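Take a look at the letters that make up each chain.
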Amino acid sequence: MTSTSNIAAEQFAEGLSATTLLRFATAGSVDDGKSTLVGRLLHDSKSVLTDQLEAVEHASRSRGQEAPDLALLTDGLRAEREQGITIDVAYRYFATPRRRFILADTPGHVQYTRNMVTGASTAELAVVLVDARNGVVEQTRRHAAVAALLRVPHVVLAVNKMDLVGYAEPVFAAIAEEFTAYAASLGVPEINAIPISALAGDNVVEPSAHMDWYGGPTVLEYLETVPVSHDLAGCPARFPVQYVIRPQSAEHPDYRGYAGQIASGVLRVGDPVTVLPSGRTSTIEGIDALGVGAGAGTTVDLAWAPQSVTVRLADDIDISRGDLIAPTAQLPATTQDVEATVCHVADQPLTVGQRVLLKHTTRTVKAIVKDIPSRLTLDDLSQHPAPGQLVANDIGRVKVRTAEPLALDSYADSRHTGSFLLIDPADGTTLSAGMAGDAFADAATAPEAAPAADEEGWDF
């Protein structure tokens, strides 16, 4: 058994270590050039393999194009290449000497709003493209609203096709002002505008020689230097139990550990903790890193999100998968009445009275959709009261009653422990992705719903 350096651990837990990974998503209207921007980013940053580039060049020639169509680097589906659009979320992984990246190129069509929600749900930054000739359109506002709903902390407005408007500064300035005002009204904390030409490569990786009036960073420079602070270690500790380890071997006859991934915060040996939803208390007796358990890992004094560890408690408590271990002084609220904003992703509608499964972290419980108070129209952010159901790509407010209490944070406080899925109990299909609490950052706190009376079956 060895012990890690407490000094190094404390520094990491306090967010002093440099961020090495950035997750970001691209969004924009059809033909605004999202896939071309991503292709240019990969090509000019030398992140494209030779055989990939040769395949793109061959496909471009077969379509009668002299220059390689860099959009083909991300439009991987045959239907996407034939139509020249993005349908599914295309994930790409690349790296520069300064940072590693996971990007999600999301579709621009209205009917693929659910795909953008999927791509942006884990993103720390969103790049929203605008065609300089068209300016801010309905789909631009729709994507800004989705980014705000998902609490994406950084938004980059990439004003594309500047070459088609003569690289005119007034055109860029007007678009940037309009978008910034709209996004800020939704509660987006940080917005940065960059004029680019993805096709020509202006301000994507290399600075543009045609826009000397712009003195800011290129897209890649901004992605490499944006101070992304996950702030997971600064949040209250949340440890969803994934697996109970009891080897009952001759070497470890009494070993009992609780394995999982720390969702947020820092766990320290000696911390008083409470197990939810039971409410029983104990103290952290030991932490085994790597989650391999039974003494085979490294014993540490503290661990932080998003490490996977095995936690040992001082008391023998009945704990199983789905329970949540949290510091006694910073407990989340437990409730059976969940009010949330959901994006409906299934083809079948979500209706009032429908029986579903609610999956929150490692816990899955039965639930009933008690009410759908409103449906949100992203075009103008208007609310349609009592729609009765949500269909594919709809975003709306729901009230759900669960069979068992859930330790649920507000999504505004934690994107991990404030999110959940609604699942069809018949076939396991994901129906909706939910965000607990208020919709937008500047929204007023909604009143708590009165608990429904318990009844038999699924009527909780």
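Residues numbered from 1 in each chain as written. Predicted model: local features only at pLDDT ≥ 70, side-chain atom pairs only at ≥ 80, totals over all residues. Heavy atoms only, no water.

## Structural notes on the packing of helix α5 (residues 113-120) against helix α6 (residues 138-149)
Next, step 1: Packing of α5 against α6 leaves a shortest axis separation of 10 Å and a crossing angle of 40°. Classified by the interaxial angle, the pair formed by α5 and α6 is oblique. Two packed elements cross with a definite hand, and for α5 against α6 that hand is right-handed. Between α5 and α6, the contacting residues are Thr113, Met116 and Val117 on the first element and Arg142, His143, Val146 and Ala147 on the second. (Axes fitted to C-alpha atoms, helices over the stretch in contact; angles between N-to-C directions. Helix = DSSP H or I, 4+ residues; strand = E, 2+ residues; numbered from the N terminus. Parallel < 35°, antiparallel > 145°, perpendicular 65-115°, else oblique. Left-handed = near helix turned anticlockwise from the far one by under 90°. Contact = heavy atoms within 4.5 Å.)

## Some remarks on the environment of Gln261
Next, step 1: Its place among the elements puts Gln261 in strand β9 (residues 257-261).
Next, step 2: Separated by 22 residues in the primary sequence, Gln261 and Phe239 have C-alpha atoms spaced 6.6 Å apart.
Next, step 3: With residues near it in sequence (within four places) discarded, Gln261 still touches Phe239, Pro240, Pro306, Gln307 and Ser308.
Next, step 4: Only 3.0 Å separates the side chain of Gln261 from the backbone oxygen of Pro306, close enough to count as a polar contact. (Polar contact = N/O pair within 3.5 Å; in protein donor to acceptor, adjacent residues only side chain to side chain.)

## Brief notes about the pairing of strand β24 (residues 419-423)
Next, step 1: Bridge count between strand β19 (residues 355-360) and β24: three bridges; the pairing is antiparallel. Paired with Lys359 across the two strands is Leu421, which belongs to β24.
Next, step 2: With five bridges connecting them, β24 and strand β25 (residues 430-436) associate as antiparallel partners. Within the sheet, the bridge partner assigned to Leu422 lies in β25 and is Ser432. (Pairing = 2+ DSSP bridges.)

## Remarks on the side chain of Thr402
Next, step 1: With respect to the helices and strands, Thr402 occurs in strand β23 (residues 395-407).
Next, step 2: Overall, Thr402 belongs to the buried group, its relative accessible area being 0%.
Next, step 3: A polar contact is formed between the side chain of Thr402 and the backbone oxygen of Glu404, at a distance of 2.7 Å. (Buried < 20%, exposed > 50% of the residue type's maximum accessible area, 1.4 Å probe, protein only.)

## With respect to the confidence of the model for the chain
Next, step 1: Taken residue by residue, the chain gives an average pLDDT of 83. The fraction at 70 or more is 79%.
Next, step 2: Overall, residues 1-19 carries pLDDT values under 50, and its contacts beyond four positions in sequence, including any with other chains, amount to 27 contacts.
Next, step 3: Ignoring residues within four places in sequence, the model shows residues 443-456, a span with pLDDT below 50, making 21 contacts including any to other chains. (pLDDT = per-residue confidence, 0-100.)

## Some details on α5
Next, step 1: Most of α5 is tucked away, with six of its eight residues classed as buried.
Next, step 2: Within the span of α5, buried status applies to Thr113, Asn115, Met116, Val117, Gly119 and Ala120.

## Points about the packing of α6 against helix α7 (residues 169-185)
Next, step 1: The N-to-C vectors of α6 and α7 enclose an angle of 40°; their axes lie 10 Å apart at closest approach. Between α6 and α7, the angle is such that the two are oblique. The interaxial crossing formed by α6 with α7 has right-handed handedness. Listed contacts from α7 to Thr140, Arg141 and Ala144 of α6 are Glu178, Phe179 and Tyr182.
Next, step 2: Classifying every residue of the contact of α6 with α7 by side-chain character gives three nonpolar, one polar and two charged. (Nonpolar A, V, L, I, M, F, W, Y, C, P; charged D, E, K, R; others polar.)

## Some words on the side chain of Asn203
Next, step 1: Structurally, the position occupied by Asn203 is in the loop between β6 (190-195) and α8 (219-225).
Next, step 2: Taking the relative accessible area as the measure of exposure, Asn203 reaches 3% and is therefore buried.
Next, step 3: Here Pro195 takes part through its backbone oxygen, which lies 2.9 Å from a polar atom of the side chain of Asn203.

## Looking at the nonpolar core
Next, step 1: Counting 43 residues, the largest nonpolar core has Leu150, Leu157, Phe179 and Phe440 as the members making the most contacts within it.
Next, step 2: Counting only elements with at least two residues in this core, the list comes to β1 (21-28), α5, β4 (125-131), α6, β5 (154-160) and α7.
Next, step 3: In contact with Phe440, other than residues within four places in its own chain, are Ala145, Ala148, Leu149, Arg151, Leu186, Leu376 and Leu381. (Core = buried A, V, L, I, M, F, W, Y, C linked by side-chain atoms within 4.5 Å.)

## Observations concerning the sheet that holds β6
Next, step 1: The mixed open sheet is built from six strands, whose spatial order is β2-β3-β1-β4-β5-β6. The open sheet has two free edges, formed respectively by β2 (90-95) and β6, since each of these has just one partner strand. This sheet shows a mean twist of 20° between the axes of neighbouring strands, independent of strand direction.
Next, step 2: Note: β1 against β4, five bridges, orientation parallel. Within β4, the residue paired with Ala25 across the bridge is Ala126.
Next, step 3: Of the strands in this sheet, β1, β2, β3 (100-105) and β4 are in contact with helix α2 (residues 34-44), which crosses β1 at around 145°.
Next, step 4: Each of β1, β2 and β3 touches α5; the most contacted strand, β1, lies at about 165° to it.

## Describing α2
Next, step 1: With respect to burial, α2 is a largely interior element, 10 of its 11 residues being buried.
Next, step 2: Buried residues of α2: Lys34, Ser35, Thr36, Leu37, Val38, Gly39, Arg40, Leu41, Leu42 and Asp44, and no others.
Next, step 3: Contact partners of the buried residues in α2: β1, β2, β3, β4 and α8.
Next, step 4: Lys46 occupies a position one or two residues after α2 and carries a positive phi of about 60°.

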